[in-house]
Amino acid sequence: MKKITLFIAFLLFSIAGKAQIPNGSVAPDFTVTDINGVSHTLSTYLAAGKTVVIDISATWCQPCWNYHNTKALEDLYYSYGPGGSNEVVVLFVEGDNNTTLADLNGTGTNTRGNWVAGTPYPIIDGSNIASLYQIDAFPTVFRVMPNGLVYEAGASSASTLRAQINNFAPLVGAQNNVGALENSGAYCTPTGAPVGRFRNYGENSISNATLHLKENGTVVATKAFTGTTPRFTTRTVNFDPITVNPDAEYTVEVVDVNGASVFNPSIAEAEMDLTVARQATESIVLKVYTDNYPTEISWNVKNSGGTIVASGGPYVGSANGGGADANTTKIHNINLPANECYTITLLDSFGDGWGYGSTPHGIEVFDSSNTSIYSVLSPIFSTSLVKSNALTTSLLSTGSFEVSQLSIFPNPSNGIVYVNSENPVAVDVFDVTGKVVFSASQVSKERSMNLSTLQKGIYFARITNGNSISTEKIILN
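Summarised in this report is the structure supplied together with it. (Residues numbered from 1 in each chain as written. Predicted model: local features only at pLDDT ≥ 70, side-chain atom pairs only at ≥ 80, totals over all residues. Heavy atoms only, no water.)

### Points about the overall build of the chain
Right, on to step 1. Broken down by element type, the chain carries 7 helices and 35 strands.
Right, on to step 2. Overall, the chain is about 90 × 65 × 35 Å in size when its C-alpha atoms are taken along their principal axes.
Right, on to step 3. Expressed as a percentage of the 477 residues in the chain, the buried residues total 50%.
Right, on to step 4. Considering only intrachain contacts with a sequence separation of at least 6, the fraction spanning at least 24 residues in the chain is 68%. (Helix = DSSP H or I, 4+ residues; strand = E, 2+ residues; numbered from the N terminus. Buried < 20%, exposed > 50% of the residue type's maximum accessible area, 1.4 Å probe, protein only. Contact = heavy atoms within 4.5 Å.)

Shown next as structure tokens:
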């Protein structure tokens, strides 16, 4: 049992028995300063005709964390707050005076994660509002209407909150209000097909849009979207494959919607975290840096087919923390089969990640020359953290092969292909994620390879002829 549960028990007891402020009461006024030093006065917002939505939560509270991650208040903010039509104010209040700013940032000892990262609306660290409104549970969400009366809104979706507000103070909203969403992509080879995401925060449905993928600010791919996208709906677009530079900065930008400019360009561009698997030797060393609760820690390594090829933990310790393997380094020697791509997963049975103790926490991978090639340090997660396509033992991931004159023909192809070799050669075909989807050992000018069962798209063939290895892009029509 971690320290966090003791705080939960104490704080739930401390607020039990209070009579929460009744619906329809005059909302107590307040002036508070958020964690960025900005002052907020309730009566000032009401005088400006705004509805104020207040989420009173605690960093250790799992239901609070669950609601926070629905992003309902983020939707409300971007649609009707300063990010949208500016009719609503959203405030997040950390209502437990025993927690700290570190807990809000996900680095303290009484937190479910990082509450600050990605939160666009103000965050207030203080219990005075919780006391003023006499809450009896975390989370409690209030809406204060422009007439100064307060109502409990519940941990509701953005659509429900919108309907509640609209019944008292009709919302105008904005047209063509779209936001790009952060996304990631992890690829086994340097060639990957990034996926962009966008969300409709506007009053009108989006039927078409144009998106740009940028590398260090320069457009490297463009994709058009068509389809029905109602309010508070997310859609994805699949860009054509690009050569990914893991050291570059990528963003996705929504250029236009419904043939018109986007309402708020500042939210129409978002980061894309694109990575390429690190080249690993077949013999690696995986070091696990445990936290103060080693009995909750485990991990595994899976190949591209989802089969576990290595795993470890839980380790020796006490259920209350500490023990032989607490805050130490556990070393595992692993042999990885060649020509594969691997995903690493970190697991925590309690559900609050590896973050308790004074030593570094996470994993680090070393190759056969004792060079660090991959690491996940100070991880913030709940039950699991999946690092897809983290390592590869395939030469395709670096292009470090001996170039030959062998090639695939015809290319593009409808499925039946040959290799311009007089002698039979071995061919492995990979999809854009690095997964082997076809293999043949007797391919030549005279002996074909039938790929017609594969879906249309781009693939990569590794052609092995003795000690010579080459790669060739294949396009299937």
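### Quick word on the pattern of salt bridges
Note that side chains of opposite charge can pair when their charged atoms are close.
Right, on to step 1. Under the counting rule described, the total for this entry stands at 10 salt bridges.
Right, on to step 2. Across the salt bridge formed by Lys214 and Glu269, the nearest N and O atoms sit 3.8 Å from each other. Taken as a pair, Lys214 in strand 13 (residues 206-215) and Glu269 in strand 19 (residues 269-276) lie far apart in primary sequence, 55 residues in all.
Right, on to step 3. Classification of Lys214 as buried rests on a relative accessible area of 14%.
Right, on to step 4. By relative accessible area, Glu269 is classed as partly exposed at 33%.
Right, on to step 5. A salt bridge links Asp240 to Lys223; the nearest nitrogen and oxygen atoms lie 3.5 Å apart. With a gap of 17 residues between them, Asp240 in the loop between strand 15 (234-238) and strand 16 (242-243) and Lys223 in strand 14 (residues 218-229) connect regions that are remote in the sequence.
Right, on to step 6. With relative accessibility at 26%, the residue Lys223 sits in the partly exposed group. (Salt bridge = Lys/Arg side-chain N within 4 Å of Asp/Glu carboxyl O.)

### Some points on the side chain of His361
Right, on to step 1. Along the polypeptide, His361 turns up in the loop between strand 25 (341-348) and strand 26 (362-366).
Right, on to step 2. Overall, the relative accessible area of 6% leaves His361 in the buried class.
Right, on to step 3. Within the local environment of His361, its side chain forms a polar contact with the backbone oxygen of Thr290, the two atoms lying 3.2 Å apart.
Right, on to step 4. Once residues within four sequence positions are removed from consideration, His361 is found in contact with Tyr289, Thr290, Asp291, Asn327, Trp354, Gly355, Tyr356, Val376, Leu377, Ser378 and Pro379. (Polar contact = N/O pair within 3.5 Å; in protein donor to acceptor, adjacent residues only side chain to side chain.)

### Regarding the packing of helix 4 (residues 72-80) against helix 7 (residues 158-168)
Right, on to step 1. For the pair helix 4 and helix 7, the least separation of the axes is 8 Å and the interaxial angle reads 55 degrees. It follows that helix 4 is oblique to helix 7 by the angle criterion. Here Ala72, Leu73, Asp75, Leu76 and Tyr80 of helix 4 come into contact with helix 7, specifically with Ala158, Leu161, Arg162 and Ile165.
Right, on to step 2. In terms of residue class, the contact of helix 4 with helix 7 is made up of 7 nonpolar, no polar and 2 charged. (Axes fitted to C-alpha atoms, helices over the stretch in contact; angles between N-to-C directions. Parallel < 35°, antiparallel > 145°, perpendicular 65-115°, else oblique. Nonpolar A, V, L, I, M, F, W, Y, C, P; charged D, E, K, R; others polar.)

### Looking at the layout of surface pockets
Right, on to step 1. Estimates place the volume of the largest pocket at around 970 Å³.
Right, on to step 2. The wall of the largest pocket is formed by 32 residues, among which Lys71, Glu74, Ala117, Gly118 and Glu182 lie closest to the centre.
Right, on to step 3. For the lining of the largest pocket, the secondary structure elements donating two or more residues are helix 3 (62-68), helix 4, strand 9 (178-181), strand 10 (183-187), strand 12 (195-200) and strand 19.
Right, on to step 4. Sorting elements by how many residues they give to the lining of the largest pocket places strand 19 first, with 5 residues.
Right, on to step 5. Counted by class, the lining of the largest pocket contains 12 nonpolar, 11 polar and 9 charged residues.
Right, on to step 6. Here the second largest pocket is characterised by a volume of approximately 400 Å³.
Right, on to step 7. Lining the second largest pocket we find 16 residues, and of these Ala186, Asp273, Thr275, Tyr374 and Lys387 sit closest to its centre.
Right, on to step 8. No other element matches the 5 residues that strand 28 (residues 384-392) contributes to the lining of the second largest pocket. (1 Å grid on protein atoms, 1.4 Å probe; cavity = no way out; pocket = protein on both sides within 12 Å on 5 of 7 lines; lining within 4 Å. Points joined across faces, edges and corners; volume = space filled by probe spheres on them.)

### A few points about the sheet that holds strand 29 (residues 408-409)
Right, on to step 1. Pairing is antiparallel in the open sheet, where 3 strands are placed in the order 29-30-33. Where the open sheet ends on each side, the last strands, each with one partner, are strand 29 and strand 33 (449-450). (Pairing = 2+ DSSP bridges.)

### A look at the nonpolar core
Right, on to step 1. In terms of nonpolar packing, the biggest core is built from 54 residues, with Ile56, Tyr133 and Val144 touching the most fellow members.
Right, on to step 2. Apart from the residues within four sequence positions on either side, Ile56 is in contact with Val93, Gly95, Ile129, Ala130, Ile135, Phe138, Pro139, Thr140 and Phe142.
Right, on to step 3. Core analysis: the next-biggest nonpolar cluster, separate from the first, contains 25 residues, Ile206, Val257, Ala268 and Leu274 among them. (Core = buried A, V, L, I, M, F, W, Y, C linked by side-chain atoms within 4.5 Å.)

### Here we look at helix 4
Right, on to step 1. Counting buried positions along helix 4 gives 9 out of 9 residues, so the element sits mostly inside the fold.
Right, on to step 2. For helix 4, the complete set of buried residues consists of Ala72, Leu73, Glu74, Asp75, Leu76, Tyr77, Tyr78, Ser79 and Tyr80.
Right, on to step 3. In this fold, the buried residues of helix 4 make contact with strand 4 (51-57), helix 3, strand 5 (88-94), helix 7 and strand 12.

### Some words on helix 7
Right, on to step 1. Turning to helix 7, its buried residues are Ala158, Leu161, Arg162, Gln164 and Ile165. End-on, the buried residues of helix 7 take up no more than an arc of 165 degrees, which puts them together on one face.
Right, on to step 2. Tucked inside the fold, the buried residues of helix 7 contact strand 4, helix 3, helix 4, strand 5 and strand 7 (140-144). (Arc of directions from axis to C-beta.)

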